[in-house]
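# Secondary and tertiary structure notes
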Amino acid sequence: MAYHLVTSREQLREVYLRLKKRKHIAIDTEYDAPVAEWARRLAEDLARERGKKPKVPNVSDKSKINLVGLSVADKDDTWYVPCSLLTKETVQKFAKALLDIEGLTVWAHNWRAEWASLGITMPELAKARLGDTMLAAWSTEYGEPYYDNGKIKYRYGLKPVIKMAFGITMTEYKDVVGGKVLVSGLSDEDNDALYAKELDELHKAKAPKPPFKKELELVRKAYNKRKREQVWRDKVASDIAPEDIKDYACADADMTLKLARVLVKRLRDFEYTDVFWNVEMPTAQIIDEMESDGLTIDVEYFKAQKARLHDELRVLEQRWFKATGIDIRKDKQVAEAVYNTLKCWQVGEACKTDKGNLSVNKKALAYVLQMCPEGSLGRELALIKQEHSKLYKLANTYMNVFIYQGMYNDDGKLHCDILQTGTNTGRFAMKNPNIQSTPKEIIRDGLRAPE
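What this report covers is the structure whose coordinates are included nearby. (Residues numbered from 1 in each chain as written. Predicted model: local features only at pLDDT ≥ 70, side-chain atom pairs only at ≥ 80, totals over all residues. Heavy atoms only, no water.)

The next thing to look at is the overall build of the chain. Across its full length, the chain holds 16 helices and 15 strands. In terms of overall size, the chain is more extended than a compact globule, its C-alpha atoms giving a radius of gyration of 29 Å where 451 residues would be expected to give roughly 22 Å. C-alpha extents for the chain along the principal axes are approximately 85 × 80 × 45 Å. A fraction of 70% describes how many contacts in the chain between residues 6 or more apart in sequence connect residues 24 or more apart. As presented, the chain carries roughly 25,700 Å² of accessible surface, and 51% of it is formed by carbon and sulfur atoms. Considering the chain, the positive charge centre built from 74 side chains and the negative charge centre built from 68 side chains are found 4 Å apart. (Helix = DSSP H or I, 4+ residues; strand = E, 2+ residues; numbered from the N terminus. Rg over C-alpha atoms; globule rule 2.2 N^0.38 Å. Contact = heavy atoms within 4.5 Å. Areas by Shrake-Rupley, 256 points an atom, 1.4 Å probe, with all protein chains shown as cover. Lys, Arg positive; Asp, Glu negative; His and termini not counted. Charge placed at Lys NZ, Arg CZ, Asp CG, Glu CD.)

Further remarks concern the sheet that holds strand S12 (residues 413-414). The pairing of strands in a sheet happens through backbone hydrogen bonds and is either parallel or antiparallel. Taken in spatial order, the three strands of this open sheet run S12-S11-S15, and their pairing is antiparallel. Each having just a single partner strand, S12 and strand S15 (447-448) make up the two edges of the open sheet. Here two bridges tie strand S11 (residues 295-297) to S12, and the two strands are oriented antiparallel to one another. Residue pairing for S12: Thr296 is matched across the bridge by Lys413. (Pairing = 2+ DSSP bridges.)

Attention now moves to the side chain of Asn396. Turning to its location among the elements, Asn396 is positioned in helix H15 (residues 377-408). If we skip the residues at most four places from it in the chain, Asn396 touches Leu46 and His310.

For the structure shown, the criterion picks out eleven aromatic pairs. Clustering of aromatic rings is evident, with ring pairs tying together Trp107, Phe276 and Trp277. Geometry around Trp277 places Arg129 over its ring, the cationic atom sitting 3.9 Å from the centre. Lying across the ring of Tyr146, Arg155 places its NZ or CZ 4.0 Å from the centre. (Phe/Tyr/Trp six-rings, centres within 6.5 Å; stacked < 30°, edge-to-face > 60°. Lys NZ or Arg CZ within 6 Å of the ring centre and 35° of its normal.)

Here the focus is the environment of Tyr223. One can find Tyr223 in helix H9 (residues 213-228). Those residues in contact with Tyr223, other than ones at most four positions away along the chain, are Asn191, Asp192 and Tyr195.

Next up on the list: the side chain of Lys246. Checked against the element boundaries, Lys246 lands in helix H10 (residues 242-269). Those residues in contact with Lys246, other than ones at most four positions away along the chain, are Tyr3, His4, Leu5 and Tyr80.

Time to look at the pairing of strand S5 (residues 105-108). Burial along S5 is two-sided: the residues Thr105 and Trp107 and Val106 and Ala108 are all buried. Both strand S2 (residues 24-32) and S5 contribute to a ladder of three bridges, which runs parallel. What sits directly across from Ile25, in S5, is Val106. Pairing of S5 with strand S6 (residues 129-132), which is carried by four bridges, proceeds in the parallel orientation. (Buried < 20%, exposed > 50% of the residue type's maximum accessible area, 1.4 Å probe, protein only.)

Inspection of every chain in the model, using the stated rule, returns 35 salt bridges. If you follow the salt bridges from partner to partner, you end up with Arg18, Arg22, Asp74, Lys75, Asp76 and Asp77 in one network. (Salt bridge = Lys/Arg side-chain N within 4 Å of Asp/Glu carboxyl O.)

So, about the packing of helix H1 (residues 9-19) against helix H3 (residues 88-99). H3 packs onto H1 with a crossing angle of 15° between their chain directions and a minimal axis gap of 11 Å. Judged on the interaxial angle alone, H3 and H1 are roughly parallel. Here H1 and H3 pass one another in a crossing that is right-handed. The residues of H3 that touch H1, namely those facing Arg9, Leu12, Val15, Tyr16 and Leu19, are Thr90, Phe94, Ala97 and Leu98. (Axes fitted to C-alpha atoms, helices over the stretch in contact; angles between N-to-C directions. Parallel < 35°, antiparallel > 145°, perpendicular 65-115°, else oblique. Left-handed = near helix turned anticlockwise from the far one by under 90°.)

This part is about the sheet that holds strand S3 (residues 66-73). Ordered by their spatial adjacency, six strands build an open sheet running S1-S4-S3-S2-S5-S6, and the pairing between neighbours is mixed. Each end of this open sheet is capped by a strand with a single partner; those strands are strand S1 (2-5) and S6. Put simply, the sheet's adjacent strands are angled 25° from each other on average, direction ignored. Bridging between S3 and strand S4 (residues 77-82) involves five bridges; their strand directions are antiparallel.

With that settled, the discussion passes to the nonpolar core. Formed by 54 residues in total, the largest nonpolar core has its most connected members in Val72, Phe94, Trp111 and Leu130. The element that contributes the greatest number of residues to this core is H10, accounting for seven residues. One finds Ile297, Leu394, Tyr404 and Ile443 within the second-largest nonpolar core, a separate group that totals 48 residues. (Core = buried A, V, L, I, M, F, W, Y, C linked by side-chain atoms within 4.5 Å.)

Right, let's get into the packing of helix H6 (residues 158-166) against H10. Packing of H6 against H10 leaves a shortest axis separation of 11 Å and a crossing angle of 55°. Viewed along their axes, H6 and H10 adopt a mutual orientation that is oblique. Note on packing geometry: the crossing formed by H6 with H10 is left-handed. Residues Leu158, Lys159, Val161, Ile162, Ala165 and Phe166 of H6 form the contact with H10, whose own contacting residues are Tyr248, Asp252, Met255, Thr256, Lys258, Leu259 and Val262.

Below is the structure:
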């Protein structure tokens, strides 16, 4: 299998004419996925409140995805078409032309990610025959098994499935794109050069005598200050030259097509072929439309609910402090007070972490409530802590997510991720946020579906 870099429109046309003769091909895209503005703002504000460094969740803004290149494979060759050598519009037009070829099945691993990066709309998919290897792997439980809390689960990402199917360890994205890019400030090389120049000028100015120690320290401090002022970001796909990312991109499309052959046979063996093509693939398009449409967020409603919850939290915190003299939000001090000082909670295995430290988590509270008799101080404190934990998470996690999405998403809507392959049982899952697990009596009134 040869991997090629497409550098001209003429070469791209030749590739298209060749692919027109095929029955099956596979594609994969490389793109930059910027962090959603609401996620970045929320992380920064929460970190500022807690005096910590912001830890931004990996939540990309699908409306701002930047296509970097497209790889396409047939049974003999694979080509990488970079936007930097052609144009983004040319690459997208090429991809849409492939979807219009009659009798051609176009495979991808997680087609929904490719739709977003290629800017393809649902009407443009009306005639296309699309195959999703991730969806086919999930449908036939052809994933890498692992254990999570005693339950067996499966990973359906391309690289773990390829390793399981063919014993091939594929290159990871981080190994290709790993590193940092300087956003502002002097580079280390320029800073070193400036430092050397300042030292040289200082020595010349003081010649024939050497500079004083304090003068040398001032130059060194200026050097260190410039180094501290550097701002870095992680590298993304567009930072890598096409020739350097070509093999990685082509391998993804190449292995997707090889995997498709295996999965077509598995679908037949599972007697799931008709369901896959007539139910699962159309459902993926419906879900994509649901995500794009989103839900309108009533920001003022959620702000009012957050304020009400904080009032309830203050009442619980005052009751707890009156009984213990300890801040309920400081779990280490809480554990020391209830287990060792007041001795109102009995220590059991459920009350310890894996490292053997005393815990006041959900599991520990359930145990304590079983052991403490009605009317006891221990039971009263356990109930307060349980209610406080529930309301605190609701006010400072769920409410903030809705408020920030409503404020900082361009359209003021909630666009949570709907996962078709999110469970082993076939049910849907959601994340960013998981609105299936939020309390419906509070949340539902603040969200509005389109007509």
